Amino acid sequence: MEKKDIKWSELGFGYVKTDKRYVANFRNGAWDEGGLTEDADIVMNECACVLQYAQTCFEGLKAYTTEDGRTVCFRPDLNAARMYDTALRLEMPPFPKERFVEAVKQVVKANEAWVPPYGSGATLYLRPYLFGINPVIGVKPADEYQFRIFATPVGPYFKGGVKPLTLCVSDFDRAAPHGTGHIKAGLNYAMSLHPIVEAHKAGFAENMYLDAATRTKVEETGGANFLFVTKDGGVVTPKSDSILPSITRRSLMYVAKEILGLKAEEREVHFDEVKDFAECGLCGTAAVISPVGKIVDHGKEIAFPSGMDEMGPVTKKLYDTLTGIQMGRIEAPEGWIVEI
Ligand code: PLP
Ligand code: COI
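What counts as what
Position numbers for residues count from 1 along each chain, tracking the sequence in the order it is written. Here chains are named by letter from A upward and ligands by number from 1 upward, in the order in which they appear as written. Residues qualify for local features only when their pLDDT is at least 70, as the model is predicted, and side-chain atom pairs are given and counted only at 80 or more; totals for whole chains, interfaces and linings, by contrast, use all residues. Only hydrogens and water are set aside; all other atoms, that is, all heavy atoms of the structure, feed into the side-chain values. Helix and strand labels come from DSSP, where a helix needs a run of H or I of at least four residues and a strand needs a run of E of at least two; each type is numbered from the N terminus. With a 1.4 Å probe rolled over the protein chains alone, any residue whose accessible area is under 20% of its type maximum counts as buried; one over 50% counts as exposed, and the rest are partly exposed. Here, proximity means that at least one heavy atom of the residue falls within 4 Å of the molecule or strand. By the criterion applied in these results, polar contacts are pairs of N or O atoms within 3.5 Å in which, for protein atoms, one can donate a hydrogen and the other can accept it, and in which residues neighboring in sequence qualify only through two side-chain atoms. Values of accessible area rely on a 1.4 Å probe in the Shrake-Rupley scheme; residue burial ignores everything except the protein chains shown. When residues are sorted by character, Ala, Val, Leu, Ile, Met, Phe, Trp, Tyr, Cys and Pro go into the nonpolar class, Asp, Glu, Lys and Arg into the charged class, and all the rest, Gly among them, into the polar class. An automatic or database domain assignment supplies the start and end points of every domain. Here, residues are in contact when the closest pair of their heavy atoms is within 4.5 Å. In short, buried area is how much 1.4 Å probe accessible area vanishes from two parts on joining, totalled over both.

## Section: unusual backbone geometry
What you tend to see is this: most non-glycine residues have negative phi, and most peptide bonds are trans.
No. 1: At valine 288, a residue that is not glycine, the phi angle is positive and equals roughly 50°.
No. 2: For valine 288, the location among the structural elements is in strand S15 (residues 288-297).
No. 3: A positive phi angle is found at histidine 298, which is not glycine, with a value near 50°.
No. 4: By the element assignment, histidine 298 lies in the loop between S15 and strand S16 (300-303).
No. 5: When its relative accessible area of 57% is taken as the criterion, histidine 298 is described as exposed.

If you want it as structure tokens, here you go:
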């Protein structure tokens, strides 16, 4: 397969129009058979439910070229399951899970020339999404929906690759108790746009959100979960009903415990104890594991002992093992790698 002529290693996290995308429509109470299209534009009515009431959700996963030249995806079944749960919470018809995985495979196969080569530092990001498309003016769910998946080659989510980030503690809340923080609804990201613009203006890479009810516990950032490393080398990740159940985080906790033999704990993390951790990282499909060097809370700095130059040693081990599995250098646990 001849690859596109792209400077793969110079890619950031941006949209590049690729050849084919998948589209399926839900009408008269059923999903049609769906298929690939070259048309990247969507035409809809001015009163479409997604435009008026933000009835939309999405997923994110990646395709990789392995060391031995295969094209693979990482745990697409978990994205299918999470989008299913998200759709139910937003009163949308879920896209069948097996069809989701099948559609992912079709999109990757049709855009194989866009899957970045092994060792380039880039990957093919896949963006499944689902939205209410018919006109709705009274507040209620749509009757007609569109499910799509497009692909775009991407580099690192944060500028500077794996250089440690500086975060700030946000004065805004990301998710309410009993709200939608645990699903991948577009509305969660709309509300994070103002805080992220403010954070960037102040020179920070991302926001650390605290729990909305007490503002004493660590939740997540706008686009990734937290991982902390204790001074004795254990891995801790915040447990909360209002954060997204990150597939990367769940995979890393398994890697920590079952492959690296580390103590790995999912529990509430109080902001007060953050200063006592040895390392901190953000994990997600886009973020992979991005190390955090410093967190600033209204002028008060928490600097992790791992410093601002490189990833801490435990974070690095987790990063190397996860990316090793994704790129086929390390044997994957059963079912994690889906070959295209
Ligand atoms: N948290 C938020 C708010 C996200 O947007 C993402 C990205 O998907 C994650 C966490 C990480 O989830 P995953 O590892 O499934 O990509
Ligand atoms: C992902 O990691 O797939 C996400 O959806 C995060 C987003 C902020 C790009």
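## Some words on the site of ligand 1
No. 1: The local shell around ligand 1 holds 17 residues, among which Tyr189, Glu220, Ser246, Thr248 and Thr285 are the closest.
No. 2: Residue serine 246 places a side-chain N or O atom 2.6 Å away from an oxygen atom belonging to ligand 1.
No. 3: Isoleucine 247 has a polar backbone atom sitting 2.8 Å from an oxygen atom of ligand 1.
No. 4: Protein chains shield 96% of the accessible area of ligand 1, which is 380 Å² for the free molecule.
No. 5: Mapped onto the shell around ligand 1, the elements with two or more residues apiece are helix H6 (247-259) and strand S14 (279-284).
No. 6: Looking at the shell around ligand 1, its residues break down into 5 nonpolar, 8 polar and 4 charged.

## Details of the domain arrangement of the protein
No. 1: Domain annotation of the protein identifies domain 1 (8-154) and domain 2 (165-326).
No. 2: Measuring from the centre of the C-alpha atoms in domain 1 to the corresponding centre in domain 2 gives 25 Å.
No. 3: Residue-level contacts link 21 residues of domain 1 with 22 residues of domain 2.
No. 4: Summed over the three residues of domain 1 that lose the most area to domain 2, namely Phe58, Phe74 and Arg82, the buried surface amounts to 36% of that side.

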